[in-house]
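# Overview (structure and organization)
Chain residues, written in single-letter form:
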Amino acid sequence: MPRPAIDDLVVFLAVARAQSFTKAAGKLGVSQSALSHTIRGLEERLGLRLLTRTTRSVSPTEAGQRLLATIGPRMDEIEAELAALSAFREKPAGTIRINAGEHAAETVLWPAFEKLLPDYPDINVEIIVDYGLTDIVAERYDAGVRLGEQVAKDMIAVRIGPDMRMAVVGAPAYFERRPKPLRPQDLMDHNCINLRLPTYGGIYAWEFEKDGHELKVRVEGQLVFNNIALRLNAALAGAGLTYMPEDAVELHVASGRLTRVLEDWCPPFPGYHLYYPSRRHASAAFALVVDALRLRR
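Conventions and cut-offs
- Residues numbered from 1 in each chain as written.
- Predicted model: local features only at pLDDT ≥ 70, side-chain atom pairs only at ≥ 80, totals over all residues.
- Heavy atoms only, no water.
- Axes fitted to C-alpha atoms, helices over the stretch in contact; angles between N-to-C directions.
- Helix = DSSP H or I, 4+ residues; strand = E, 2+ residues; numbered from the N terminus.
- Parallel < 35°, antiparallel > 145°, perpendicular 65-115°, else oblique.
- Left-handed = near helix turned anticlockwise from the far one by under 90°.
- Contact = heavy atoms within 4.5 Å.
- Nonpolar A, V, L, I, M, F, W, Y, C, P; charged D, E, K, R; others polar.
- Salt bridge = Lys/Arg side-chain N within 4 Å of Asp/Glu carboxyl O.
- Phe/Tyr/Trp six-rings, centres within 6.5 Å; stacked < 30°, edge-to-face > 60°.
- Buried < 20%, exposed > 50% of the residue type's maximum accessible area, 1.4 Å probe, protein only.
- Expected span 1.5 Å × (residues − 1).
- Bend = angle between axes of the 7 residues up to and from the residue.
- Pairing = 2+ DSSP bridges.

Before going further, it helps to spend a moment on the packing of helix 1 (residues 6-18) against helix 2 (residues 21-28). Direction vectors running N to C along helix 1 and helix 2 enclose 130 degrees, while the axes themselves pass 8 Å from each other. Classified by the interaxial angle, the pair formed by helix 1 and helix 2 is oblique. Once helix 1 is placed against helix 2, the crossing between them reads as right-handed. Along its contact with helix 1, which presents V11, A14, V15 and A18, the element helix 2 presents F21, K23, A24 and L28. Residue composition of the contact of helix 1 with helix 2, by class: seven nonpolar, no polar and one charged.

To continue, consider the pattern of salt bridges. Inspection of the entire model under this criterion finds 13 salt bridges. A salt bridge links R45 to D8; the shortest N-O distance between them is 2.1 Å. With R45 in helix 3 (residues 32-46) and D8 in helix 1, this pair connects stretches of sequence that are 37 residues apart. Linked by salt bridges that have partners in common, R165, E246, R260 and E263 make up one network.

With that settled, consider the packing of aromatic side chains. With the rule as written, the count across this model stands at five aromatic pairs. Look at Y174 and F175: their rings are 5.5 Å apart centre to centre, the planes differ by 80 degrees, and that puts the pair in the edge-to-face class. When its relative accessible area of 1% is taken as the criterion, Y174 is described as buried. Judged by its relative accessible area of 13%, F175 falls in the buried class. The interplanar angle of 15 degrees and the centroid separation of 5.3 Å between the aromatic rings of W206 and Y243 together place this pair among those described as stacked. Placement of W206 in strand 10 (residues 206-210) and of Y243 in strand 13 (residues 242-245) is noted, with a sequence separation of 37 residues between them. For the pair W206 and Y243, a shared accessibility class is recorded, and that class is buried. Pairwise contacts between aromatic rings join Y204, W206, F208 and Y243 into one cluster.

Bringing the side chain of T38 into the picture now. As for its placement among the helices and strands, T38 is situated in helix 3. On the basis of relative accessibility, which here comes to 19%, the residue T38 falls in the buried class. Those residues in contact with T38 that lie beyond four places of it in its chain are D8 and V11.

Before going further, it helps to spend a moment on helix 5 (residues 102-116). Between its first and last C-alpha atoms helix 5 spans 20 Å; for 15 residues at 1.5 Å apiece the expected length is 21 Å, and the two agree. Approximately 40 degrees is the largest bend angle found in helix 5, and it occurs at L109, with the proline P111 only one to four residues beyond. All buried positions along helix 5 are accounted for by E102, H103, A104, A105, V108, L109, A112, F113 and L116.

With that out of the way, let us pick up the pairing of strand 15 (residues 272-277). In terms of residue burial, strand 15 counts as a mostly covered element, since six of its six residues are buried. Inspection of the sheet shows strand 5 (residues 143-147) paired to strand 15 by four bridges, in the antiparallel sense. For R146, the partnering residue across the bridge sits in strand 15 and is H273. One ladder, built from five bridges, connects strand 6 (residues 155-159) with strand 15; its direction is antiparallel. The residue bridging V158 from the neighbouring strand is L274, located in strand 15.

Right, here's the structure in full:
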């Protein structure tokens, strides 16, 4: 049996993991037709069908699943070792891929990288904004960012942000038409601007706590967005109440453009943590990034 080329196996892993020629082509920076040609050639040399293709999906066959489970971890180890060789360079180098939510990317990650990267031109950083609880191992990220209470126990977690608070706010013009809510349940009578999160089953439930009593309220309203800027702009325009990190609205509250309510139901909670697998080989570049992000007390 002819021996498959390493490059062919890399292509197979990319397609099998993404279960999409389109996504794999984007990650590898090649055309879909080139990937399809490579996979066909690999299957012909092995004499086995590795992928089942339909017009809507791509999935490994039984043989493909075995190949994926066997060579996937080994290829990851090889890539990690190659990345670790950058420690022998005069300056740390390599690409660091991080998955994070919009707020964490803007308030924690970018300020740190804005200071770090000018001194290390050989370090490249890719930040993918994603509200879902992405599997960073499966999606081949070096690290992810989550709130402290969301980090899996089998991950190494490094505190990178201070404690946070949420805030419920609305424009003064909105409260000219509606009474201010005095308790979370009162939000059911208000026009609320919602956030859609893929991992939380669609619309995010607003979370509150007071005197040890936790409460989640699934509010309703005319508007649903999946980012901070649009929700904030809608609230400023008087379109309804919104629920978001305190630091995103504090200037508008201070200026009187927004009014805060239910503040006594929004206590502090653990802030952002960078997390990554315990088995990850820490290259010089990755270790530098972790240290730059680490919260200094």
